[in-house]
Amino acid sequence: MSTTDTASTADSLRSASQTAQAGPSSKTAADLGMVACHHCATLWKEVQAHDRCGCCDARLHARKPDSANRAWALVIAACIMYIPANTLPIMTTASLLGEQQDTIMSGIIYFWVSGSWALAAIVFIASFLVPLFKLAALILLLITAQRRSKWRLLQRAKLYRLVEVTGRWSMLDVFVVTLLTGLVQIKGFATVYAGPGIAAFAAVVVLTMLASLSFDPRMIWDAAKTKAGKRA
């Protein structure tokens, strides 16, 4: 083998080693000119913005339109409704002994004092902590995404998926009050009515679910794309 062949082989090995250290290059659907339908998840190639999906006839968007502003509006509305949801009575019980109004916290305290600690813990977590956690998580995701923060990208993506999963499990109080209102209707003895707090609580749950749907998780990874562009 000649000296030239040896040098060429060494250069090839060095180039392959550098490519391996750099890691595999990643391409997104947008980089390849593809757009996925947000309704039926069909992937389309060589389409323009606002074209119609050939399967469900929905408009195609590379990103969720106006994602951050819509999510912020829904989160702010949910924060406002969170206050009356915890201060107004969610249930009114009328009996021969009089009328009693209960809020979420008064129900938790009643269960705790009466010895039903497990039930008190379930109601406290599902009705108080979970909505508060979702609001805090959505605010964190929105602020870091808009600032293109590179802080814990993978953990923030997992946090978003956790918010989506826990969204539907916050309706515990709504289900309980609805069940009691339908079952306990003994005129002259006991009657249960739904209070204004339950409507505010249901609004918080629905608004946070809509906010998580409006938020585009791809905004989280825009910071990684910016970092990769600068490095290139």
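Rules of the game
- Residues numbered from 1 in each chain as written.
- Predicted model: local features only at pLDDT ≥ 70, side-chain atom pairs only at ≥ 80, totals over all residues.
- Heavy atoms only, no water.
- pLDDT = per-residue confidence, 0-100.
- Helix = DSSP H or I, 4+ residues; strand = E, 2+ residues; numbered from the N terminus.
- Contact = heavy atoms within 4.5 Å.
- Buried < 20%, exposed > 50% of the residue type's maximum accessible area, 1.4 Å probe, protein only.
- Lys, Arg positive; Asp, Glu negative; His and termini not counted.
- Salt bridge = Lys/Arg side-chain N within 4 Å of Asp/Glu carboxyl O.
- Polar contact = N/O pair within 3.5 Å; in protein donor to acceptor, adjacent residues only side chain to side chain.
- Pairing = 2+ DSSP bridges.

So, about the confidence of the model for the protein chain. Detailed reading of predicted coordinates is not advised where the pLDDT is low. The predicted model of the protein chain averages 79 in pLDDT, with 73% of residues at 70 or higher. Within the protein chain, the lowest mean pLDDT, 44, falls on helix α1 (residues 3-22), and the highest, 95, falls on helix α2 (residues 67-87). Within the model, the stretch residues 1-10 combines pLDDT values under 50 with one contact to residues more than four positions away or in other chains. Note on residues 15-24: pLDDT under 50 across the span, and zero contacts to partners over four residues away in sequence or across chains.

Right, let's talk about the side chain of R156 for a bit. Structurally, R156 is set in helix α5 (residues 153-166). Comment: no salt bridge for buried R156; closest opposite-charge side chain is D222, at 9.1 Å. Among the polar contacts listed, one links the side chain of R156 to the backbone oxygen of W151, at a separation of 2.9 Å.

Examined bridge by bridge, strand β3 (residues 91-95) and strand β4 (residues 98-102) share five bridges and lie antiparallel to one another. Bridged to S95 within β4 is G98. Between β3 and the antiparallel strand that follows it, β4, lie two residues. Two strands pair when backbone bridges link them, and β3 and strand β6 (residues 190-194) are joined in this way by five bridges, in the antiparallel orientation. What sits directly across from M91, in β6, is A194.

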